Amino acid sequence: MYTVINLTDLENDFMNPHDASARINKFFIPEVVLHFALTLIFLFTGRWLLFVVNIPLVVYHAHLWRTNKCYLDVTEIFAVVKIEQKKRLAKMGFYLIMFVFVIYRLVEAAVTLLMSKHGTKIKPLQRGSGMPLSPAQRRERAKAANAAAA
């Protein structure tokens, strides 16, 4: 968001090109490191969908780094302002979608954990009543299951 605002200020002549490129360029490395770290976290925690969805942006950042196009040049900044704005808005939209999806999964995991006995399943319902089993009913069922197993 900050880089898009800086590009808009540059386009409207509220900022000189040197200040704009210096402000924008200092955010590239932290953005790439944070995104790469989150992608690795998705990989190591088994969140395959999130990992696969993030791979294209990691590859894009690596391509920018290899071709040395990751920083805005002060002398060429006016020629690429519109293109850079579109790229950064697209990345911001991607990050927003990922943020909403991750927050949804976090809330889903918290609700599942709070509603279940061991954090894996929701408590079984008593047949026909639609009400959860009481602790005494659960103990009786456990005794019956243990007796049947023995």
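These notes cover the structure that comes with them.

Cut-offs and rules
- Residues numbered from 1 in each chain as written.
- Predicted model: local features only at pLDDT ≥ 70, side-chain atom pairs only at ≥ 80, totals over all residues.
- Heavy atoms only, no water.
- Helix = DSSP H or I, 4+ residues; strand = E, 2+ residues; numbered from the N terminus.
- Buried < 20%, exposed > 50% of the residue type's maximum accessible area, 1.4 Å probe, protein only.
- Contact = heavy atoms within 4.5 Å.
- Areas by Shrake-Rupley, 256 points an atom, 1.4 Å probe, with all protein chains shown as cover.
- Patch = residues over 30% accessible without salt bridge, like charges linked within 9 Å, V, L, I, M, F, W, Y side chains within 5 Å.
- Salt bridge = Lys/Arg side-chain N within 4 Å of Asp/Glu carboxyl O.
- Axes fitted to C-alpha atoms, helices over the stretch in contact; angles between N-to-C directions.
- Parallel < 35°, antiparallel > 145°, perpendicular 65-115°, else oblique.
- Left-handed = near helix turned anticlockwise from the far one by under 90°.
- Nonpolar A, V, L, I, M, F, W, Y, C, P; charged D, E, K, R; others polar.
- Arc of directions from axis to C-beta.

1. Remarks on the overall build of the protein chain
Logical step 1: Across its full length, the protein chain carries six helices and zero strands.
Logical step 2: Along the protein chain, helices and strands appear, N-terminal first, in the series α-α-α-α-α-α.
Logical step 3: With 150 residues in all, the protein chain has 21% of them scored as buried.
Logical step 4: Counted over contacts in the protein chain with a minimum sequence separation of 6, partners at least 24 positions apart contribute 60%.
Logical step 5: Carbon and sulfur atoms make up 68% of the accessible area of the protein chain, which amounts to about 11000 Å² in all.

2. Remarks on a nonpolar patch on the surface
Logical step 1: Taken together, the side chains of Leu-96, Phe-99, Val-100, Ile-103, Leu-106, Val-107, Val-111, Leu-114 and Met-115 define a hydrophobic patch exposed on the protein surface, amounting to about 890 Å² of accessible area.
Logical step 2: Tracing the sequence through the fold places Val-100 in helix 5 (residues 81-115).

3. Considerations on unusual backbone geometry
Logical step 1: Here Asn-68, not a glycine, exhibits a phi torsion of approximately 60°, which is positive.
Logical step 2: Relative to the elements of secondary structure, Asn-68 occurs in the loop between helix 4 (48-66) and helix 5.

4. Quick word on the packing of helix 3 (residues 28-44) against helix 4
Logical step 1: Put simply, helix 3 and helix 4 touch, their axes get as near as 9 Å, and they point 150° apart. Put simply, helix 3 runs roughly antiparallel to helix 4. By crossing handedness, the relation of helix 3 to helix 4 is classed as left-handed. Contact residues: helix 3 offers Phe-28, Ile-29, Glu-31, Val-32, His-35, Phe-36, Thr-39, Phe-42 and Leu-43, while helix 4 offers Trp-48, Leu-50, Phe-51, Asn-54, Ile-55, Leu-57, Val-58, His-61, Leu-64 and Trp-65.
Logical step 2: Considering only residue class, the contact of helix 3 with helix 4 consists of 14 nonpolar, four polar and one charged.

5. Considerations on helix 2 (residues 17-25)
Logical step 1: Among all positions in helix 2, only Ala-20, Ser-21, Ile-24 and Asn-25 are buried. Down the axis of helix 2, the sector holding all buried residues measures 120°, keeping them to one side.

6. Quick look at the packing of helix 3 against helix 5
Logical step 1: Remark: helix 3 packs on helix 5, axes separated minimally by 14 Å, with the N-to-C direction vectors making an angle of 35°. For helix 3 against helix 5, the interelement crossing comes out left-handed. Of helix 5, the residues touching helix 3 (which contributes Glu-31, His-35 and Phe-42) are Lys-91, Phe-94, Tyr-95, Met-98 and Val-102.
Logical step 2: In terms of residue class, the contact of helix 3 with helix 5 is built from five nonpolar, one polar and two charged.

7. Points about the environment of Leu-57
Logical step 1: As for its placement among the helices and strands, Leu-57 is situated in helix 4.
Logical step 2: Put simply, Leu-57 and Thr-39 are 18 residues apart on the chain and 9.8 Å apart in space, counted from C-alpha to C-alpha.
Logical step 3: Beyond its immediate stretch of four places on either side in the chain, Leu-57 contacts His-35, Lys-91, Phe-94 and Tyr-95.

8. Some remarks on the pattern of salt bridges
Logical step 1: A complete count under the given rule lists four salt bridges for this structure.
Logical step 2: Between Lys-91 and Glu-31 there is a salt bridge whose closest N-O contact spans 3.0 Å. One end of the pair, Lys-91, is in helix 5; the other, Glu-31, is in helix 3, and 60 residues separate them in sequence.
Logical step 3: Judged by relative accessible area, which is 12%, Lys-91 ranks as buried.
Logical step 4: We note a salt bridge from Lys-87 to Glu-84, for which the minimum N-O separation is 3.8 Å. With a gap of three residues between them, Lys-87 and Glu-84 both fall in helix 5, about one helical turn apart.
Logical step 5: With relative accessibility at 34%, the residue Lys-87 sits in the partly exposed group.
Logical step 6: For Glu-84, a relative accessible area of 11% gives the class buried.

By themselves, these observations are geometric and do not establish any function.
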